[in-house]
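Chain and residue survey
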Amino acid sequence: MKVRFWGVRGAIPAPGPETNRYGGNTSCVSVTGARGQLIILDMGTGVVGLGKQLMAGAMGRGQGRAAVLLSHAHWDHIQGFPFFPPVFVPGNQLEIYGHAHSTDMLEGILEGQMNPHFSPIYTLRNLGAAISFTAVAPGEVHDVDGIRVSAHPNPHGHTSALAFRLEEGGASLVYASDAGYPLDGPSRETLDLYAGADLLIHDATYTPADRATRLERGNSSHADASAAALAAGARHLVLFHYDQDYADDTVDDMTRACRADLDRAGGRDIALTAAAEGLEIEV
Amino acid sequence: MRVRFWGVRGSIAVPGPTTNRYGGNTSCVEIAADGIDPIIIDAGTGIRHLGKELAGSAFGSGRGTAHLLISHTHWDHIQGLPFFAPLYTRGNRLHVYARRRDTHLRAVFASQTESPYFPVPLDEMRADVTFHELGDSQKFTIGPAEVRCTRLNHPWIALAYRIQMGERSVVYASDTAPFRDILFEHEFIGQPPAPGAPLEPAKAAALAAMRRSLVELCRGADLLIYDTQFTAEEYRQKPHWGHSTPDDAIAIAREAEVGTLALYHHAPDRTDDEQDAILTHCRAALSGVPLGLVAAREGLELTLDASGARPTKGSG
């Protein structure tokens, strides 16, 4: 599986020279499988760049197909959807999997985004692409174009966000954005989902000091991310979903501190990368 | 009177090195003058940074009052509001003004921050938020400022505002299509009409009246901030998207004899270099014409006085 980062920011896009290196777009990661199957993890503003690239291929001819896995429906994880060019091309197929009690509720969430008060699109029915919805229940396993997808919800403030595990040909990656664990760490079920992952893309919104003052927001610090990677035996940790007020230099500092934490705690063998727009990792 | 740009982009925020100079945040403009509460127009992502600055004044201790004029509630004009720091301090007051709809304005804004879209519902934000519903053509006052609005040609309808303080005045006109071939009411327009198709006479008359009202609103203003998202070619492809070109803006500005025109609501795909080229081209075309021209950029502050609009911050 080939992973590419299109948006690595949390909460709200953060344009400006101070975010040029890691990028200011909100959450979006693409995963391309061995046969070229495409899975999109979240649709923050980063999905616009992905969509433009896809328009040069089958999506531009209305012959494209992708699955979208939505961790949850906070704006920073869906706000790029109405600006994703392939969605306007008849013939394209988009299968959206998300965190809702029912398929109708999931569709209703994205329908609300297109409401004419807020969007000139008025309704999902005005989009050209064929869109299907699947509500994902914890513990369910879905075969998405030959990629095995399982999910488990993490606490996220007053709500929860799905973490996804993707497996193909013996390789595994986990996407765990917006994880606000209790102070004693992730649940047994969460660690089972992460167990032995070749790549763990993990919420690292805050420094530990900032998380301590913002516990109610339900996001991780880089220390929570490294602790989860150690506990789950992940091979490669990727820090993700930085706070909108963190300049590139702050992310540099967080990454250095996280490396030191891993080394001290017996995680010298765990590779560490700070997600940046444009970064590609082969799993 | 001082006018400061906090977000100048249309449609969606566009971070990245190609937008560093003009800025990638969506629409937000602040109007300030000595002795009055800040007047903010639109609450795109740019309002987050304005909020941080205001938190350093009376708003930091819950003693601030601000007035927010909303052109319309499309995402790029409201998406920054939940990140406006003064909303989270008890004692602050925010007055929000927008066009009256079938749905109560408070309900429209509340749905932006309800579950599952945002963690903090509007009713739990600590500041006191009051909504004021406006007609298509209305006059009201904010302290010593006189405010007038008129409707624009945009899907779901937007309002333009004129803020007048004594002799000084600024008009904000975003978002709007020109007034020649499509009239936006409440209906969805998926495809533009066939080129050359004649407009129904009633619609043509309504468009002409709308344009006359806008020109009157702009009459003699020191500064006109105008939606110029499109190039002429982009407009030809998307006349139904509800945006104008610099030529459309210049025509209105000249007819209304405004002092300075600010190109605004830049397309998300427009790089800084492309925006420079548009400005250069327009300036050349205006050679000898008594109309000042700037392209709005984040951080730019224009001070309006008897001699016109001059940059006092961020003219870099």
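It should be emphasised that the depicted structure is a prediction, and the values quoted were computed from it without experimental measurement.

Concerning the overall build of chain B
A count of helical and extended segments in chain B gives seven helices and 15 strands. Considering only C-alpha atoms, chain B reaches an extent of 55 × 45 × 40 Å along its principal axes. Long-range contacts, defined as pairs at least 24 residues apart, comprise 70% of the intrachain contacts of chain B with a sequence gap of at least 6. Of the roughly 12,400 Å² of accessible surface on chain B, 51% is carried by carbon and sulfur atoms. Mean positive and mean negative side-chain charge positions of chain B (32 and 37 charges, respectively) differ by 3 Å.

Some words on the environment of Val147 of chain B
Residues and elements named next belong to chain B. Here Val147 shows up in strand β8 (residues 145–151). Classification of Val147 as buried rests on a relative accessible area of 1%. As for Val147 and Leu69, which are separated by 78 residues in sequence, their C-alpha atoms are 9.8 Å apart. Every residue in contact with Val147, bar those within four places of it in the chain, is listed here: Leu69, Gln138, Lys139, Phe140, Ile142, Tyr161, Arg162 and Ile163.

Section: the pattern of salt bridges
All names here are of chain A. Within the structure shown, the criterion is met by 37 salt bridges over all chains. Across the pair Arg188 and Asp192 runs a salt bridge, and its minimum N-O distance is 3.6 Å. Of the two residues, Arg188 and Asp192 are both situated in helix α3 (residues 188–194); the distance of four residues between them amounts to about one turn of the helix. Take Asp192: its relative accessible area is 48%, and that puts it in the partly exposed class.

Comments concerning the nonpolar core
Within the largest apolar cluster, 62 residues are counted, with the highest numbers of intra-cluster contacts made by Ile40 and Phe81 of chain A together with Leu68, Phe84 and Phe109 of chain B. Sequence-distant contacts of Phe84 of chain B, defined by excluding residues within four places in its chain, comprise Ile40, Ile47, Leu50, Gly51, Leu54 and Leu94 of chain B. Listed in part, the 58 residues of the second largest apolar core include Tyr194, Met254, Cys258 and Ile281 of chain A.

Looking at the side chain of Gln164 of chain B
Residue and element names in this part refer to chain B. Locating Gln164 in the fold gives a position in strand β9 (residues 159–165). A distance of 2.9 Å separates a polar side-chain atom of Gln164 from the backbone oxygen of Gly166. Ignoring any residue separated from it by four or fewer positions in sequence, one finds Gln164 in contact with Met1, Pro144, Ala145, Glu146 and Ser169.

Side note on the interface of chain A and chain B
It is common to report an interface's size as the accessible area lost on association of the parts. With 35 residues of chain A in contact, the opposing surface of chain B contributes 35 residues. For the pair chain A and chain B, the summed buried area comes to about 3,100 Å², and 62% of that belongs to carbon and sulfur atoms. Three residues, Trp75, His117 and Phe118 of chain A, lead the burial of chain A against chain B; their summed loss comes to 27% of the area buried on that side. At the boundary of chain A with chain B, the tally comes to three salt bridges. Between Lys52 of chain A and Asp269 of chain B there is a salt bridge; the shortest N-O distance is 2.7 Å. Our enumeration of links across chain A and chain B arrives at 15 residue pairs in polar contact (both at pLDDT 80 or more). Breaking the side of chain A that touches chain B down by element, the ones donating at least two residues are α1 (46–54) and α2 (103–114) of chain A. In terms of residue count, the dominant contributor to the side of chain A that touches chain B is α2 of chain A (four residues). When grouped by side-chain class, the residues that make up the side of chain A that touches chain B number 17 nonpolar, 16 polar and two charged.

Some details on the pairing of strand β1 (residues 2–7) of chain A
Note that β1 of chain A and strand β2 (residues 28–32) of chain A share five bridges and pair antiparallel. Paired with Gly7 of chain A across the bridge in β2 of chain A is Cys28 of chain A.

Some points on the sheet that holds strand β7 (residues 138–142) of chain B
Residues and elements named next belong to chain B. Pairing is mixed in the open sheet, where seven strands are placed in the order β7-β8-β9-β10-β11-β12-β13. Since the sheet does not close on itself, it has two edges, and those belong to β7 and β13 (292–295), each with one partner. When strand polarity is set aside, the average angle formed by the axes of neighbouring strands in this sheet is 20°. When β7 meets β8, the two strands line up antiparallel, connected through five bridges.

Brief notes about the sheet that holds β1 of chain A
Residue and element names in this part refer to chain A. Taken in spatial order, the seven strands make up an open sheet running β6-β5-β4-β3-β2-β1-β14, and their pairing is mixed. Bordering the open sheet on either side are β6 (130–135) and β14 (280–282), each of which pairs with just one other strand. Mean inter-strand twist for the sheet, computed between neighbouring axes without regard to direction, equals 20°. Where β1 meets β14, three bridges bridge the pair, whose relative direction is antiparallel. Across the sheet, the residue bridging to Lys2 is Glu282, located in β14. Packed onto the sheet, α1 meets β1, β2 and β3 (38–41) and runs at close to 125° relative to β1. Of the strands in this sheet, β5 (93–98) and β6 are in contact with α2, which crosses β6 at around 125°.

What counts, and at which threshold
Residues numbered from 1 in each chain as written. Chains lettered and ligands numbered in written order. Predicted model: local features only at pLDDT ≥ 70, side-chain atom pairs only at ≥ 80, totals over all residues. Heavy atoms only, no water. Helix = DSSP H or I, 4+ residues; strand = E, 2+ residues; numbered from the N terminus. Contact = heavy atoms within 4.5 Å. Areas by Shrake-Rupley, 256 points an atom, 1.4 Å probe, with all protein chains shown as cover. Lys, Arg positive; Asp, Glu negative; His and termini not counted. Charge placed at Lys NZ, Arg CZ, Asp CG, Glu CD. Buried < 20%, exposed > 50% of the residue type's maximum accessible area, 1.4 Å probe, protein only. Salt bridge = Lys/Arg side-chain N within 4 Å of Asp/Glu carboxyl O. Core = buried A, V, L, I, M, F, W, Y, C linked by side-chain atoms within 4.5 Å. Polar contact = N/O pair within 3.5 Å; in protein donor to acceptor, adjacent residues only side chain to side chain. Buried area = accessible area lost by both parts, 1.4 Å probe. Nonpolar A, V, L, I, M, F, W, Y, C, P; charged D, E, K, R; others polar. Pairing = 2+ DSSP bridges. Axes fitted to C-alpha atoms, helices over the stretch in contact; angles between N-to-C directions.

Keep in mind these values describe shape, not function.
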